[in-house]
Amino acid sequence: MKKLFVVFMTSMFIMCLAGCKNNKQYRDDAIIIEVKSSYKNEFLNKEFKINNFNFQNIDKFSYSEWYDSKNRGYIFIYLKKAGENEIEEAMEHFNQLYFVEKCERMAIISFIE
């Protein structure tokens, strides 16, 4: 019985590994902005408003926590109009903003494939 259990668990483990995908998938309507550490106070006080982004295609945005261990915080931007071109245009724009360290596409996280 013990051997059967070990064989079963090993088989399940191998099947799970075979089903894993290594390539990330990204949303076509969302961007993560990393805020420069010099703007920590403005971030913590949530002083950044939609007009600070000076971009028409923003549906909504939200703040993460400030991560002291990394000395950074993140703002999540959701676009009104989605698509590859819209994401590229938004990232190009946001990377030029004075308070942005960098921005990247938001990954799709899936626990079940």
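Below is a summary of the structure that appears in this document.

Right, let's get into the environment of Asn57. Looking at the element boundaries, Asn57 is found in the loop between α2 (40-44) and β2 (58-67). Its relative accessible area of 15% is what places Asn57 among the buried residues. Along the chain, Asn57 and Ala82 lie 25 residues apart, while their C-alpha atoms are 9.0 Å from each other. Setting aside residues no more than four positions away along its own chain, Asn57 makes contact with Tyr78, Leu79, Lys80, Lys81 and Glu86.

Structurally, Glu86 is set in helix α3 (residues 84-94). For Glu86, a relative accessible area of 15% gives the class buried.

Right, let's get into the packing of aromatic side chains. This structure, assessed with the given rule, holds twelve aromatic pairs. Relative to Tyr63, the ring of Phe43 lies with its centre 5.1 Å away and its plane at 70°, an arrangement referred to as edge-to-face. Of the two residues, Phe43 sits in helix α2 while Tyr63 sits in strand β2, which places them 20 residues apart along the sequence. Taken as a pair, Phe43 and Tyr63 share a single burial class, namely buried. Put simply, the rings of Tyr39, Phe43, Phe48, Phe53, Phe55, Phe61, Tyr63, Trp66, Phe94, Tyr98 and Phe99 pair up and form one aromatic cluster. In this structure, Lys60 packs its charged tip against the face of Tyr78, placed 5.5 Å from the ring centre.

The rules behind each value
- Residues numbered from 1 in each chain as written.
- Predicted model: local features only at pLDDT ≥ 70, side-chain atom pairs only at ≥ 80, totals over all residues.
- Heavy atoms only, no water.
- Helix = DSSP H or I, 4+ residues; strand = E, 2+ residues; numbered from the N terminus.
- Buried < 20%, exposed > 50% of the residue type's maximum accessible area, 1.4 Å probe, protein only.
- Contact = heavy atoms within 4.5 Å.
- Phe/Tyr/Trp six-rings, centres within 6.5 Å; stacked < 30°, edge-to-face > 60°.
- Lys NZ or Arg CZ within 6 Å of the ring centre and 35° of its normal.

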